[in-house]
Amino acid sequence: MASKNVIADLNKGEKLTGSENYDVWRRKIQYLLNEQEVLETLEMAMVPPEEGNTAQHRHDKEAYDNWVKKDRCARFTMLSAMQNDLIGDFEDCTTAQAMWNELKIKFGQTNATRLRALNLKFNEYTLLPNHTMPEHLRAMKGMIKDLRNAGVELSDEQQVLAVIRSLLDPEWAHMKQLMTHSENIKTFDDISRHLELEADCNATTKKVA
C-alpha cells in the first residue's frame, strides 16, 4: 500500500525540483526502487562480459543482461520523478549508479562539500572511451554550469584549458599543442567547434582506412 502511495505522489507532481526537496525525494525513490527490486543498481555497475561459449560465459552474460534491464528501469524511474527542466542534466548518465551519484553531488551535499566535489570532478575529468566528442563537450559544459550555480565563475581561458587537458594522449597530443597556442580559440564555443570538426575528420579517415 505504501509503495502505491509513493508512485501516486510521484505521478501527481511530487517530483525532484532541486536541493530544497532532494532529501525527501531521495528516500521516496529508494523505497520505490526497492519495491521494484532494482535498488541494488544504485550501488553497483557492470561491464559487458567477455564473449565465450562456456557455462561461466553464459552465466555471466545472463547476469549482465539482467542487470541491464534493472538498470534501465532504475534510470527511467528516477528521470520520470524529476521536473522536466532537470531531466536534460541527468539523461546522459550511462548507469543508475552514475545518475544517483550525480544527483547527490548536485543536490545532496553541503555547499563546501559539494563545491569540492564539483571542482575535483571538473579538474580530473577526461574523455571517456564510450563518449563521442559532442557527448564529452556536453558533459563538460554541464560541469561548468554546475560550478557557476555553486558560485564559481570560470574564465574563458580556464574553460578552454580544461577542455584541452581533458583530451587523451597520444591520439590528441598534437591537436592539444596546436589548440593551446591558437589565437582563434578563446571561448568554450570556439574550442567545441574545432574539436567536433576534428573528431568528424578523424572518424572519416578511419572509415576510409
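Note that the structure is predicted; figures quoted are calculated from it, not measured.

What counts, and at which threshold
Residues numbered from 1 in each chain as written. Predicted model: local features only at pLDDT ≥ 70, side-chain atom pairs only at ≥ 80, totals over all residues. Heavy atoms only, no water. Helix = DSSP H or I, 4+ residues; strand = E, 2+ residues; numbered from the N terminus. Expected span 1.5 Å × (residues − 1). Axes fitted to C-alpha atoms, helices over the stretch in contact; angles between N-to-C directions. Parallel < 35°, antiparallel > 145°, perpendicular 65-115°, else oblique. Contact = heavy atoms within 4.5 Å. Nonpolar A, V, L, I, M, F, W, Y, C, P; charged D, E, K, R; others polar. Salt bridge = Lys/Arg side-chain N within 4 Å of Asp/Glu carboxyl O. Buried < 20%, exposed > 50% of the residue type's maximum accessible area, 1.4 Å probe, protein only. Phe/Tyr/Trp six-rings, centres within 6.5 Å; stacked < 30°, edge-to-face > 60°. Left-handed = near helix turned anticlockwise from the far one by under 90°. 1 Å grid on protein atoms, 1.4 Å probe; cavity = no way out; pocket = protein on both sides within 12 Å on 5 of 7 lines; lining within 4 Å. Points joined across faces, edges and corners; volume = space filled by probe spheres on them. pLDDT = per-residue confidence, 0-100.

**Q** Would you take a moment to explain helix H2 (residues 22-35) for this structure?
**A** Turn by turn, an α-helix covers 3.6 residues, leaving residues three or four places apart pointing in a common direction. For H2, spanning 14 residues, the distance from its first C-alpha to its last is 20 Å, which sits close to the expected 20 Å at 1.5 Å a residue. One or two positions beyond H2, positive phi appears at glutamate 37, with a value near 60°.

**Q** Sorry if this is basic, but what is going on with the packing of helix H3 (residues 55-80) against helix H5 (residues 96-107) here?
**A** When two helices pack together, you describe them by how their axes are tilted relative to each other and by the distance separating the axes. Two numbers describe how H3 lies on H5: the axes approach to 9 Å, and their chain directions differ by 30°. With respect to their mutual orientation, H3 and H5 come out roughly parallel. Side by side, H3 and H5 meet where Asp71, Ala74, Arg75, Met78 and Leu79 of the first sit next to Ala96, Gln97, Met99, Trp100 and Leu103 of the second. Among the residues forming the contact of H3 with H5, the class breakdown is seven nonpolar, one polar and two charged.

**Q** Quick question: what am I supposed to make of unusual backbone geometry here?
**A** Aspartate 169 connects to proline 170 through a cis peptide bond whose omega is 0°. Even without being a glycine, glutamate 37 presents a positive backbone phi close to 60°. Looking at the element boundaries, glutamate 37 is found in the loop between H2 and H3.

**Q** Sorry, what's going on with the pattern of salt bridges here?
**A** A side chain with one charge can pair with a side chain of the opposite charge if their charged atoms come near. One pass over the full model with this rule turns up 11 salt bridges. Residues arginine 75 and aspartate 71 are paired through a salt bridge, measuring 2.9 Å at the closest nitrogen-oxygen approach. With a gap of four residues between them, arginine 75 and aspartate 71 both fall in helix H3, about one helical turn apart. When its relative accessible area of 23% is taken as the criterion, arginine 75 is described as partly exposed. With a relative accessible area of 1%, aspartate 71 lands in the buried category. Across the salt bridge formed by aspartate 146 and lysine 106, the nearest N and O atoms sit 3.2 Å from each other. Of this pair, aspartate 146 sits in helix H7 (residues 133-149) while lysine 106 sits in helix H5, and the two are 40 residues apart along the sequence. An identical accessibility class is assigned to aspartate 146 and lysine 106; each is buried. Each of Asp89, Lys106, Lys145 and Asp146 takes part in one network of salt bridges that share partners.

**Q** Explanation requested: the packing of aromatic side chains in the structure shown.
**A** Aromatic rings considered in pairs are described by the distance between their centres and by the relative angle of their planes. Evaluation of the coordinates by the stated rule reveals four aromatic pairs. Between tyrosine 22 and phenylalanine 107, the aromatic rings sit 6.4 Å apart at their centres with planes inclined by 40°, giving tilted as the arrangement. With tyrosine 22 in helix H2 and phenylalanine 107 in helix H5, the pair connects residues that are 85 residues apart, well separated along the chain. Assessed through its relative accessible area of 2%, tyrosine 22 is described here as buried. Clustering of aromatic rings is evident, with ring pairs tying together Tyr22, Trp25, Phe90 and Phe107.

**Q** Teacher, can you tell me more about the packing of H2 against H5 here?
**A** Viewed as axis vectors pointing N to C, H2 and H5 meet at an angle of 160°, and their least axial separation amounts to 11 Å. When the interaxial angle is binned, H2 and H5 end up roughly antiparallel. Considering how the two elements wind past one another, H2 and H5 form a crossing that is left-handed. In this structure, H2 uses Tyr22, Trp25, Arg26, Ile29 and Gln30 to contact H5, whose residues at the interface are Trp100, Leu103, Lys104 and Phe107. Its residues assigned to classes, the contact of H2 with H5 comprises six nonpolar, one polar and two charged.

**Q** Could you clarify how one ought to interpret the layout of surface pockets in this entry?
**A** Looking at the largest pocket, its volume works out to about 780 Å³. Lining of the largest pocket is provided by 25 residues; of these, Asp89, Asp92, Cys93, Lys121 and Ala139 occupy positions nearest its centre. Put simply, the parts of the chain that give the lining of the largest pocket at least two residues each are helix H4 (84-90), H5, helix H6 (111-124) and H7. Considering each element in turn, the lining of the largest pocket owes the most residues, eight residues, to H7. Each residue belonging to the lining of the largest pocket can be placed in one class, and the counts come to 10 nonpolar, five polar and 10 charged.

**Q** Before we go on, may I ask you to explain the confidence of the model for the protein in this structure?
**A** Reading fine detail from the predicted coordinates is not recommended where pLDDT is low. Here the protein averages 87 in pLDDT, while 90% of its residues score no lower than 70. Looking at the elements of the protein, mean pLDDT is at its lowest for helix H1 (residues 2-11), recorded as 55, and at its highest for helix H8 (residues 156-166), recorded as 95.

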